[in-house]
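Each chain, letter by letter, is given below.
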Amino acid sequence: MTRTPVASIGLVMIGAVGLAGTPLQAAGADRPNVILVLADDLGAAELGCYGNTEHRTPNLDRMAEQGLRLDTFYATPLCTPTRVCLMTGQYGFRNGYLGMNNEAFKPAKDSPQYEIANHFTIGDLMKSAGYVTALAGKWQLPGKIPTLVHDCGFDEYRMWAYTHNLPDGVVHTGRHEGKNGTKTARFWHPCIVENGKYLPTRADDYGPDLFLDFILDFARRHKDERFFVYHTSVLTHTPWEPTPDPEHPSQRRPEGFKSNLEYLDHLMGRLRTGLETLGLADKTVVIFVGDNGTGGRGKGKVSEQGVRVPFIVWGPGVKPAKRASRALGDLTDMMPTLAELAGVQLPKDVVFDGKSLVPLMRGETVRHRDWIYSFLDDGRVLRSDRWLLEIPRGGRPPRFFDCGESRDGTGYRDVTSSTDAEVQAARQRFRAILAGMPEPKPRPKVAGG
């Protein structure tokens, strides 16, 4: 595959000034390592720090207490558009990935947009800033073994591999999962490819552990360099199989979402402890987000429940004015945030849709954006501090809500039919915002479009 050389895309190193001309604490010699964790199928409402009393998530709760947590942060309702949005810093109308299961809302396979390696990615960004880079976990994007992840700016990777991701002639010798056992396993006895080579596993190997082992080993090997790790966790996606029991290493906890979430939290504790042991805790920023709402509790819905995910950032220099922030953010903010942390300016010839969260992280502001946006196929979600618009897929009638001071869905008032002047003024503002974006439409002559 022929790519535009990253060096020709025009990244510029910043000295002591950030992207918007503000002082950047992380610039120069003090630029931090960054570990970006993308949890799979995890809505915000599942964590203790977001008010959940059923699940025990002490490690993530502690990160939130000592760092920054956003009450309202949006992904998209499904995996693929979220991953492309995060990787490119662009909404789907710009990068071509409006959807996942409906081919009419994805780029044609002969389109340059189809291959993620043809886009400027967060891996390209961080590598161009002088970071060594790695990906660990779920890929689920186009590309060819052995270079598919390398092509996106990552020096190393350990990924859960589908059958089509295996090197030629290799057959997975471990478990398969799913209703018909047709999908290679990601949890027990998983199917893993590391830097283009099949990594045999054993029956008692647990995929999430192997991915975290890789991350900590990568950090150890590169502790004297600046590094960036993108950890695309396989937890908490189904199947919700039994997990290891951290308190009884030879035993397993029962199957179910609760066990899977709490084991993810345990791994975040292992990550923090590992960084502390390596002497890297005061040199590494950890960002934790979800990719869409929880399976069975929002995932796939073009609604706030489908797109509101946790956002927690912890590490050196993260000293916000308020630990629990009501500032709005969405996935497109990751690209400019990483750029500012890494001390580089984004390419001038590429359009990005987000805004750096660094001023919020540093306590220089308490506001971030006036509105945030999400999408799936021809459906859209638009949110301001007070108002929420949900436009379902398939041309079904939109719904407009007055959220008041609430951020978690409680107490929202459906004002879709209201003629109140305040409501009408808010709807007009939303129409003006949407008018600045192309209306999402299916590609013509595609089945399902």
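Details of the structure are given in the entry above.
First, a word on scope: everything that follows refers to the structure included in this document. (Residues numbered from 1 in each chain as written. Predicted model: local features only at pLDDT ≥ 70, side-chain atom pairs only at ≥ 80, totals over all residues. Heavy atoms only, no water.)

## A word on the environment of Ile372
Here is step 1 of the chain: Counting through the fold element by element, Ile372 comes out in strand 17 (residues 372–376).
Here is step 2 of the chain: With a relative accessible area of 0%, Ile372 lands in the buried category.
Here is step 3 of the chain: Separated by 49 residues in the primary sequence, Ile372 and Ala421 have C-alpha atoms spaced 23 Å apart.
Here is step 4 of the chain: Look past the residues within four positions of Ile372 in its chain and what remains in contact with it is Thr72, Tyr74, Leu328, Gly329, Asp330, Val381, Leu382 and Arg383. (Helix = DSSP H or I, 4+ residues; strand = E, 2+ residues; numbered from the N terminus. Buried < 20%, exposed > 50% of the residue type's maximum accessible area, 1.4 Å probe, protein only. Contact = heavy atoms within 4.5 Å.)

## As for the nonpolar core
Here is step 1 of the chain: Judged by nonpolar contacts, the single largest core of 59 residues is most densely connected at Phe228, Tyr230, Ile287 and Phe311.
Here is step 2 of the chain: If one sorts the elements of this core by residue count, helix 8 (residues 334–342) sits on top with six residues. (Core = buried A, V, L, I, M, F, W, Y, C linked by side-chain atoms within 4.5 Å.)

## A short note on the layout of surface pockets
Here is step 1 of the chain: The calculated volume of the largest pocket comes to roughly 530 Å³.
Here is step 2 of the chain: Lining the largest pocket are 26 residues, with Gln140, Leu141, Pro142, Tyr162 and His164 sitting closest to its centre. (1 Å grid on protein atoms, 1.4 Å probe; cavity = no way out; pocket = protein on both sides within 12 Å on 5 of 7 lines; lining within 4 Å. Points joined across faces, edges and corners; volume = space filled by probe spheres on them.)

## Concerning the pairing of strand 10 (residues 227–232)
Here is step 1 of the chain: Of all six residues that make up strand 10, six are buried, and the element is covered over most of its length.
Here is step 2 of the chain: Of the two faces of strand 10, the one carrying Phe227, Val229 and His231 and the one carrying Phe228, Tyr230 and Thr232 are both buried.
Here is step 3 of the chain: Pairing of strand 4 (residues 132–138) with strand 10, which is carried by six bridges, proceeds in the parallel orientation. If you follow Thr133 over to strand 10, its bridge partner there is Phe228. (Pairing = 2+ DSSP bridges.)

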